[in-house]
Amino acid sequence: MALSDWSVVAELVSAAGVIISLIYLAVQIRHATKQRDAQGIQLLRAEYLSSIDNCTGTRENAEIFLKGLNNFSDMPVVEQACFHSLIHPVLHGFHSLWEAHKAGIVSTSDLDATRDQFVSLLLTSGGAQWWASFKHVPPPGIVSYIDDSIEGSRMLLKPATESVPWLYLE
């Protein structure tokens, strides 16, 4: 074989090496992206669940949260503000999961489960009163989604104060 033949073989081997390297990098990037997305979902879930847990994590929070769910409008303004500080992070966590779903990161089943839990809070008399007083603040897209979810689930979901008996105050 002549030297020029060997240079052609070397170029072919080199081209094959470049293609194999590109395929390897694509696989690695895809794997890293999936791992990052999974970690992001875990973080979103953890933040949402933490905000839920905070609502009843202390006796004081639990008392305010229960009063708010049962009759927000009858609470003194200071207690309404405390209730808002408990439920607003829950709304924010749900909003984050909804945005992640729109981006294709969170599955529909995960979003639906979280939506049902959140909407059941808003189906309570106090939750509905709070939502009516606050829903002018969040972005219109999430407000429409929540309002549509409330309307669509009235026959399917029970208010949290009915489905979770310890949330009901007599």
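Before reading on, note that the structure itself is shown above.
As the structure is a prediction and not an experimental result, all values here were calculated from the model. (Residues numbered from 1 in each chain as written. Predicted model: local features only at pLDDT ≥ 70, side-chain atom pairs only at ≥ 80, totals over all residues. Heavy atoms only, no water.)

## Quick look at helix α1 (residues 3–56)
Taking 1.5 Å of rise per residue, 54 residues should cover 80 Å, and α1 covers 80 Å from first to last C-alpha, within 8% of that figure. By the burial criterion, the buried members of α1 are I41, L44, Y48, S51, I52 and C55. If you follow the buried residues of α1, they end up packed against α2 (59–71), α3 (77–102) and α4 (108–122). (Helix = DSSP H or I, 4+ residues; strand = E, 2+ residues; numbered from the N terminus. Expected span 1.5 Å × (residues − 1). Buried < 20%, exposed > 50% of the residue type's maximum accessible area, 1.4 Å probe, protein only. Contact = heavy atoms within 4.5 Å.)

## A closer look at the pattern of salt bridges
Under the defined criterion, the tally for this structure stands at seven salt bridges. As a salt-bridge pair, E99 and K102 come within 3.6 Å of each other at their nearest N and O atoms. Of this pair, E99 and K102 both sit in helix α3, three residues apart, which is roughly one turn of that helix. A residue is classified by how much of its surface remains accessible, and E99, at 36% relative accessible area, is partly exposed. Taking the shortest distance from any N to any O, the salt bridge between D112 and R115 comes out at 3.1 Å. In this pair, D112 and R115 both sit in helix α4, three residues apart, roughly one turn of the helix. When salt bridges with common partners are traced through the structure, they connect D112, R115 and D116 into a single cluster. (Salt bridge = Lys/Arg side-chain N within 4 Å of Asp/Glu carboxyl O.)

## Remarks on a nonpolar patch on the surface
Together, M1, L3, W6, V9 and V13 give the surface a local cluster of nonpolar side chains, amounting to about 590 Å² of exposed area. Counting through the fold element by element, V13 comes out in helix α1. The class for V13 is exposed, based on a relative accessible area of 57%. (Patch = residues over 30% accessible without salt bridge, like charges linked within 9 Å, V, L, I, M, F, W, Y side chains within 5 Å. Areas by Shrake-Rupley, 256 points an atom, 1.4 Å probe, with all protein chains shown as cover.)

## Some details on the packing of α1 against α4
The geometry of α1 relative to α4 is characterised by a closest axis approach of 13 Å and an angle of 20° between their N-to-C directions. By the angle between their directions, the pair α1 and α4 is classed as roughly parallel. Handedness of the α1/α4 crossing: left-handed. Contact with α1, carried on its side by R45, Y48 and I52, involves D110, T114, Q117, F118 and L121 of α4 and no other residues of that element. Residues that form the contact of α1 with α4 fall into these classes: four nonpolar, two polar and two charged. (Axes fitted to C-alpha atoms, helices over the stretch in contact; angles between N-to-C directions. Parallel < 35°, antiparallel > 145°, perpendicular 65-115°, else oblique. Left-handed = near helix turned anticlockwise from the far one by under 90°. Nonpolar A, V, L, I, M, F, W, Y, C, P; charged D, E, K, R; others polar.)

## Remarks on the packing of α1 against α2
α2 packs onto α1 with a crossing angle of 95° between their chain directions and a minimal axis gap of 5 Å. One finds that α1 runs roughly perpendicular with respect to α2. Facing α1, whose interface residues are N54, C55 and T56, α2 presents N61, A62 and F65. For the contact of α1 with α2, the per-class residue count stands at three nonpolar, three polar and no charged.

## Looking at α4
The periodicity of an α-helix, 3.6 residues per turn, causes residues three or four places apart in sequence to face the same way. Along its 15 residues, α4 runs 20 Å from first to last C-alpha, staying within 8% of the 21 Å computed at 1.5 Å per residue. All buried positions along α4 are accounted for by L111, T114, R115, F118, V119, S120, L121 and L122.

## Some remarks on the nonpolar core
Judged by nonpolar contacts, the single largest core of 37 residues is most densely connected at F83, W130 and I146. Among the elements of the structure, α1, α2, α3, α4, α5 (125–134) and α6 (140–153) are those that each provide at least two residues to this core. When residues in this core are grouped by element, the largest group, nine residues, is from α3. The contacts of I146, once residues within four sequence positions are left out, are L91, F94, F118, L122 and W131. (Core = buried A, V, L, I, M, F, W, Y, C linked by side-chain atoms within 4.5 Å.)

## Some thoughts on the state of the cysteines
Summed over the entire model, instances satisfying the criterion amount to zero disulfides. Counting only cysteine sulfurs, C55 is the nearest neighbor of C82, a cysteine outside any disulfide, at a range of 12 Å. Look at C82 and you get partly exposed, because its relative accessible area is 35%. (Disulfide = S-S within 2.5 Å.)

As far as function goes, none of this settles anything; it's purely spatial.
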